[in-house]
Every structure is written in structure tokens, then in C-alpha cells.
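Examining the three-dimensional arrangement
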Amino acid sequence: MTGRAAVGPVLLFVLGAVVVRLTLTGEFLNFVKPGHRWWLLAVGAGLVVLGIAGTVREMRQPRTEAAEPARSRLHTRGPLALAPEVLEAHRRAEGHDHSRVPGIAWLLLLPILLVFLVPPPALGAFAAGRAGADVPKPPSSARFEPLGGPDPARPSVYDYAERAAWDDGRTLAGRSVELTGFVTPRPDGGWYLSRLRISCCAADARAYLVEVVGAPKDYPANTWVDVTGTYLASEPGARVARLTASRVRTIDAPGETYEQ
Amino acid sequence: MTTQDRLAEQRRERRERLRNPPTPPVGVLVLVGVCVAAMVGQEIFVVLAGDRPALQAWSTVFVAIVLQALPFLGLGVLLSGLIAAFVPDRVLQRVLPRRAGLAVPVAGVAGAALPGCECASVPFAGRMMTRGVAPSAALAFMLSSPAINPVVLVATAVAFPQEPMMVVARCLGGLGTALIVGWVWARFGRDVPLRPPRAIHAEDGGPWETFRLTVQHDLLQSGGFLVVGALFAATLNVAVDPAWSLTVAGVPIVSVLVLAVLAVLLAVCSEADAFVAASLTGFSPTAELAFMVVGPVVDLKLVAMQTGTFGQAFSRRFAPLTFVVAVVLSLVVGTVLL
């Protein structure tokens, strides 16, 4: 085995091992939705198997002559090009010319390293703050059923925000609600309880922000909080959601930081 | 042997050594590097970069794009590996009509059978070309598959519950784009240098070794270019302020163009783009349709993967052609149906 030959299988193995690890530890939830779990496990396991099989296979290949220059150092075109027969002979001598790794493949190391290098990776207050407080439009003519269960009701943050901003809070009046989300500081003081919603992965995240009115104090960005309170109407026409808080308590970040 | 001869001999040896240094066991180095990064990477990173939320958001979006695409890339590469290793050439050539004019619609409709997103179809189309399928037909398959497969259509129906015509419009727009681009390519694309992947044939080890080498090569190559595309898409995702698109939401033609460009820049997976389109406040249904017709056929990560698979000369012509056809067709279909 020349040093370079087994690089391809090793790259695949490392990629697969990292994917399996992310899936088993639940860290993958910072990047994609829970439904991807089995897909990721399957592709991760497949990459690991492919990597091991490839490494074994290429180690069994007969050792090439050390003095033989690798094919990548031979001129294949231009004035210094070798005759086609010579190239063909070298290709045979090397035995497994196909296992050469395309240079671009080295970039696969980049996401692997970033997973390890960049600490707490879930999207948070930065993404939410950039998106702004306007609540994204729900599917056209979506119908809002009355909130079920005893008080306090526990809707998703996006559900509360859509009812508040796009249905004038009709189904929220008279109810006490409890929302879980992270803190996004408000530019003019105070803060939003916020949550990101994804359909597939973090690249399509949409931010839902609820302005919390009457909170006892401010919290640092990205603090996870549980807020109990009641619906507070916004100015007519403004597509923003508000909540009067009666109780705020800080909590640990949940395993699934995104809503679906 | 004279002294001069000996000196010359030594010089030659030294030059030889310089030209062919002993290759280090690169595979082992990669393993060690990743393990070290896993153990102490975060501490070092915090010291070097500090607490940068924009950098963290960029990293998350970048890794997310790669991670969500990986299973689909795996599926596409697995199928194309099986075709490369086990399906004889003549079977493929018998399935598709000989004339390009007929092969294009057959391949385009067949795209509905590959239930993945766009990342799966690029390496697959590459291998079909290697096995002798006409480029125009393989390209029609590549464009139609991510746009009209059942998974994507169901996702669209879920995202637009009150607008069933949106599913029909998307299906027509996606398939239409694939067929028109396929026919245009069959007629005018002959002279464009197209570099399909080389056939891989294992000298020993039989079809399974051919399968393994094909899968390995396609994964490494398409995966590498997927990373390039994800780098661009994540950067724009974090750098571009989403509010700029809202200012033109009400303007008829401009809003369609703006959402088409947004689809190219954001590189959202075709299985999720319907949800993103549905949440864009204030845009007309036609503009939302353009977002969903353009996204699966032209976006940053796709252009990167197509460049890697078929060469630069190809994607310089193919991506603009596809973009124009997709936008015009969205306008037509949207005006008639929505």
C-alpha cells in the first residue's frame, strides 16, 4: 500500500463515524430535524463499512515498487507528455489507479472539523434577532382551532405567534399559556421569547418571536426560559406577537431546540 | 570512477529523492488529526476566535446543509454504483428510445421514480452518461427527479393545504423545465465539451469491486463539491439580510425574479423549499412557484456539484439556460393556473 492509496477509504470512514456519533449522541438535532435519524444512521453505517472494506482491500494490494514514481507525477499531456503506452504501463503497474482520491474530497474534512471545533452549535438569538419580530405568514387560510387542555395551555411558540399575529389572538383570549423558548434581546430594551422552526435542516430555519411584556428582569441572550402569561394584543395590522408575563423561570436547554 | 562522476551521481540521487519524497501514511495522519480535534478542538477554538455568534450560525448552517444532503447523496451514489457494476449497457440503451427527442420525455418522466432531492440526481445522471445514455436524456432526468418525485409533491401539498393547484403547477413547471432544457441540449448542446465521469472497471475482484470503487469515487467527488456549494450557501444565508426581499414583495415581475434568485442563493433542499416558500410574507403565488421551480434545478450547491461532475464549460452554459427556462415557465404556469 502506498501512503496515498488508503486515503479515500479513511476519509469515508471518518465521515461515517462522525455522522453515527452525531446521531447517537443526539447532537444531530442541532442541524436537522429528528426524522432524519434513521437516514443518517444508515448512511453513516454505510460509510463506515465502505471505509473499512476499502482499507482492507487496498492493504492487500501488492506493494508497488518504491522507486516507481506515482502516476500523479507523470506528465499526461503537454510537451513533456509520455507516450500513451508508457502511461498505460504505469497505470497497470500501480494496479488500482481508480482509488486515487480527487483533490476536492479533502474538503470533506471541513464539516467534520467544524462539528468538533465550534462550540454550542444550535442556531439561537443571533439568527432570531436578524430575522426580526414579524411572524412569518402561516399557510394561507390556515384554520386555528380552539386551544385544548386545561390552563395553562402549552402551544408551540410558532403556534402562539401565528394565532397572535395572524388571527388577532381570537383563540388566545381568556386563556393562560405557557411557552418555552430562548431569550433574544430587543433592540429597544426588554426581550423576546423566541424559537426557530425547521422543515428539513437549519438552513431553512424560520424565527418566531414573542415580545414578553412585564417580565421581572432581563436575561442574557440565549437563556432558555419558561414563561407563563396571557395574550396581549398588538397594534392593528402589525404582524407581531406579544405576551404579558406572570411568571418567568430559567430552564436547561431542551434536547430538541427547534420546533417543526 | 572519477570524483566528478561521483559528484554527479550524488547530485542525481538527491534530485531524485526531492522529486519523489517518501509518501507519509496520509490516512493515519487524517485519523490522528480528527481525534485531536475531537478532544481539544473546542478549547483551542474559544481561545482563538472567542464568542462569535455569526461564526457559530455560519458553521451550523454549513454543517446542516452537508448533513441533510448526505443521506440523499448516499442513495444516489448507491443506485448509480449498482447500475455501473451490475446493469449491462444494452439494458439501459434498450429502455430508452434511440432518438433524443423521445428519450428526453421518457427520462424526464422516469425522474419521478427517484425519491430523493437534488443531491442524489447529479452523480446518478453522471453515471447514466458513462453507460452511454444520451446526455440530453440524462440531464432531463437530473432536472426532473428532484422537482416531481412523490416525496417532494407530498411536502408541497402539506405546505399549501388550501391550494391544491400549487402541487399541479409545481409538477408542470418542474417537468416542463426538464424537458425543454433536455430538448434544447439535444439540439444545440452537442458541441459543448461535456466531461462525464470515467467508467471505473476493477481489473480484479469482479463487479463488487467495481461497485466499491465507483461508489467511493462518486462519494468523494460529489461530496467534496457539495461542501463547496454548502460553503457559499451558508455564507450567503448568514450574510444576506432576509428583509431585502420583502421590500419588493408586491411588485409583479420583480418579485418573481427576486424569489428565483433567492432560491439559487439559499440552496434549500427540494423537500423543504415548499415550507420556506409558504412562509414568505406578501409574495404572490407565482413568485412562490418560481422559488420552488428554480430551487431544485439551479442553486449554489447544485452548480458546484455539476461543475465537479461534468466540467466548467458545461455548467457555464447549463446553469444560466436552466435558470431562464425555469423562471419563464414559472411565470407562464403561474399566470395560467394560480
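Residues numbered from 1 in each chain as written. Chains lettered and ligands numbered in written order. Predicted model: local features only at pLDDT ≥ 70, side-chain atom pairs only at ≥ 80, totals over all residues.

**Describing the overall build of chain A**
For clarity, the threshold we go by: Under the DSSP-based scheme used, a helix requires at least four consecutive residues in state H or I and a strand at least two consecutive residues in state E, with every element numbered from the N terminus. Here the C-beta atoms are placed from the backbone, and a residue counts as buried if at least 20 other C-beta atoms lie within 10 Å of its own, exposed if 12 or fewer do, and partly exposed otherwise. Note that contacts rest on C-beta atoms placed from the backbone: two residues are in contact if these are within 7 Å.
Along the backbone of chain A there are six helices and five strands. In chain A, the succession of α and β elements from N to C terminus is α-α-α-α-α-α-β-β-β-β-β. Put simply, chain A has 260 residues, and 42% of those count as buried. Here the analysis covers contacts within chain A between residues at least 6 apart in sequence; of these, 72% occur between residues at least 24 apart.

**Remarks on the overall build of chain B**
A tally of helices and strands in chain B yields 16 helices and zero strands. Its C-alpha atoms give chain B principal-axis dimensions of roughly 90 × 60 × 35 Å. Taking all 338 residues of chain B together, the buried fraction comes to 53%. Within chain B, contacts between residues separated by at least 24 positions form 84% of all contacts whose residues are at least 6 apart in sequence.

**Here we look at helix 6 (residues 118-130) of chain B**
Residues and elements named next belong to chain B. What counts, and what does not: Expected span of a helix, by definition, is 1.5 Å for each gap between consecutive residues, and there is one gap fewer than residues.
Over its 13 residues, helix 6 extends 19 Å from the first C-alpha to the last, a length consistent with the 18 Å expected when each residue adds 1.5 Å. Among the 13 residues that make up helix 6, twelve are buried, leaving the element largely enclosed by the rest of the structure. Taken together, the buried positions of helix 6 are occupied by E118, C119, A120, S121, V122, P123, F124, A125, G126, R127, M128 and M129. Buried residues along helix 6 sit against helix 3 (53-86), helix 7 (135-148), helix 10 (206-239) and helix 15 (300-310).

**Description of the packing of helix 12 (residues 252-266) of chain B against helix 16 (residues 312-337) of chain B**
The angle between the axes and the distance between the axes are what describe a pair of packed helices. Residues and elements named next belong to chain B. Going by this rule: Angles shown run from 0 to 180 degrees and are taken between the N-to-C directions of axes, each axis being a line fitted to C-alpha atoms and, for helices, limited to the stretch in contact. Working rule for angles: under 35 degrees goes down as roughly parallel, over 145 as roughly antiparallel, 65 to 115 as roughly perpendicular, anything else as oblique. Note: crossing handedness is left-handed where the near helix turns anticlockwise from the far helix by less than a right angle, and right-handed where it turns clockwise. Amino acids outside the nonpolar list (Ala, Val, Leu, Ile, Met, Phe, Trp, Tyr, Cys, Pro) and the charged list (Asp, Glu, Lys, Arg) are all regarded as polar, and Gly is one of them.
At a closest axis distance of 11 Å, the pairing of helix 12 and helix 16 adopts a crossing angle of 135°. Here helix 12 is positioned oblique relative to helix 16, judged by the angle of their axes. Helix 16 is crossed by helix 12, and the crossing has right-handed handedness. On helix 16, the residues touching V256, L257 and A260 of helix 12 are V327, S330 and L331. Considered class by class, the residues forming the contact of helix 12 with helix 16 number five nonpolar, one polar and no charged.

**Let's talk about the sheet that holds strand 5 (residues 241-250) of chain A**
Residue and element names in this part refer to chain A. What counts is decided by this rule: Only strands joined by at least two bridges in the DSSP assignment are considered to pair.
Ordered in space as 1-2-3-5-4, the five strands form a closed barrel in which the pairing is mixed. The average angle at which neighbouring strand axes cross in this sheet is 55°, direction not considered. Taken together, the seven bridges between strand 2 (residues 191-197) and strand 3 (residues 206-213) define a ladder with antiparallel strand orientation. Residue R197 lies in a different strand from strand 3, and its bridge partner there is R206.

**Section: the interface of chain B and chain A**
With 68 residues of chain B at the contact, the number on the chain A side is 65 residues. When residues of the side of chain B that touches chain A are traced back to their parent elements, those giving at least two are helix 2 (26-49), helix 3, helix 10 and helix 13 (273-278) of chain B. For the side of chain B that touches chain A, the leading source of residues is helix 3 of chain B, giving 17 residues. Of the residues assigned to the side of chain B that touches chain A, the class counts are 44 nonpolar, 20 polar and four charged.

**Considering unusual backbone geometry**
All names here are of chain A. Cis geometry marks the peptide bond from D151 to P152; its omega dihedral reads -10°. Residue position: P152 is located in the loop between helix 5 (125-131) and helix 6 (157-166). Of note in this structure, D168 is not a glycine but carries a positive phi near 55°. Counting through the fold element by element, D168 comes out in the loop between helix 6 and strand 1 (176-185). Here the phi dihedral of N222 falls at roughly 75°; this positive angle occurs in a residue that is not glycine. Among the structural elements, N222 can be located in the loop between strand 3 and strand 4 (224-232).

**Looking at the pairing of strand 2 of chain A**
Residues and elements named next belong to chain A. Within strand 2, seven of the seven residues are buried, which leaves the element mostly enclosed by the surrounding structure. Here strand 2 shows two buried faces, one formed by W191, L193, R195 and R197 and the other by Y192, S194 and L196. The pairing of strand 1 with strand 2 spans four bridges and is classified as antiparallel. From the neighbouring strand, V183 faces strand 2, where its bridge partner is L193. Connecting the antiparallel pair strand 1 and strand 2 is a turn made up of five residues, with G189 showing a positive phi of about 90°.

**Considerations on the domain arrangement of chain A**
Operational definition: Where each domain starts and ends comes from a domain assignment, either automatic or drawn from a database.
Taken domain by domain, chain A consists of domain 1 (7-61 + 96-117) and domain 2 (125-250). Look at where the C-alpha atoms of domain 1 of chain A and domain 2 of chain A centre, and you get two points 38 Å apart.

**Things to note about the packing of helix 4 (residues 109-117) of chain A against helix 3 of chain B**
One way to put it is that helix 4 of chain A packs onto helix 3 of chain B with a least axis distance of 10 Å and a crossing angle of 130°. One finds that helix 4 of chain A runs oblique with respect to helix 3 of chain B. Here helix 4 of chain A runs over helix 3 of chain B; the crossing is left-handed. Facing helix 4 of chain A, whose interface residues are P111(A), L114(A) and V115(A), helix 3 of chain B presents S59(B), F62(B), V63(B) and V66(B). Residue classes in the contact of helix 4 of chain A with helix 3 of chain B are distributed as six nonpolar, one polar and no charged.

**Points about the environment of A202(A)**
Turning to its location among the elements, A202(A) is positioned in the loop between strand 2 and strand 3. Accessibility expressed as a C-beta count within 10 Å gives 28 for A202(A), which makes it buried. As for A202(A) and F28(A), which are separated by 174 residues in sequence, their C-alpha atoms are 11 Å apart. Not counting residues up to four positions away in its chain, the partners in contact with A202(A) are F31(A), L123(A), T60(B), V61(B) and A64(B).

**Structural notes on helix 1 (residues 7-25) of chain A**
Counting along an α-helix, one turn takes 3.6 residues, and residues three or four places apart therefore face a common direction. All names here are of chain A. Between its first and last C-alpha atoms helix 1 spans 27 Å; for 19 residues at 1.5 Å apiece the expected length is 27 Å, and the two agree. Of all 19 residues in helix 1, 14 are buried, a share of seventy percent or more. Positive backbone phi, approximately 85°, marks G26, located one or two places after helix 1.

**Quick notes on the confidence of the model for chain A**
Residue and element names in this part refer to chain A. Inclusion rule: Confidence scores per residue from the predictor, reported as pLDDT, run from 0 to 100.
On average, residues of chain A score 82 in pLDDT, and 80% of them are at 70 or above. Long-range and interchain partners of residues 64-72, a stretch whose pLDDT sits below 50, account for 13 contacts in this model, where long-range means more than four residues apart. Below pLDDT 50 for its whole length, residues 92-96 participates in ten contacts with residues either more than four positions away or in separate chains.

**As for the environment of A263(B)**
Structurally, A263(B) is set in helix 12. Taking C-alpha positions, A263(B) is 18 Å from M142(B), a pair spaced 121 residues apart along the chain.

**A closer look at the nonpolar core**
Looking at soluble globular proteins, one finds that nonpolar side chains tend to be buried together. The following threshold applies: Each nonpolar core consists of buried Ala, Val, Leu, Ile, Met, Phe, Trp, Tyr and Cys residues. Their C-beta atoms, within 7 Å, join them into a set.
Formed by 178 residues in total, the largest nonpolar core has its most connected members in C201(A), V210(A), I65(B), A137(B), A138(B) and V294(B). The element that contributes the greatest number of residues to this core is helix 3 of chain B, accounting for 18 residues.

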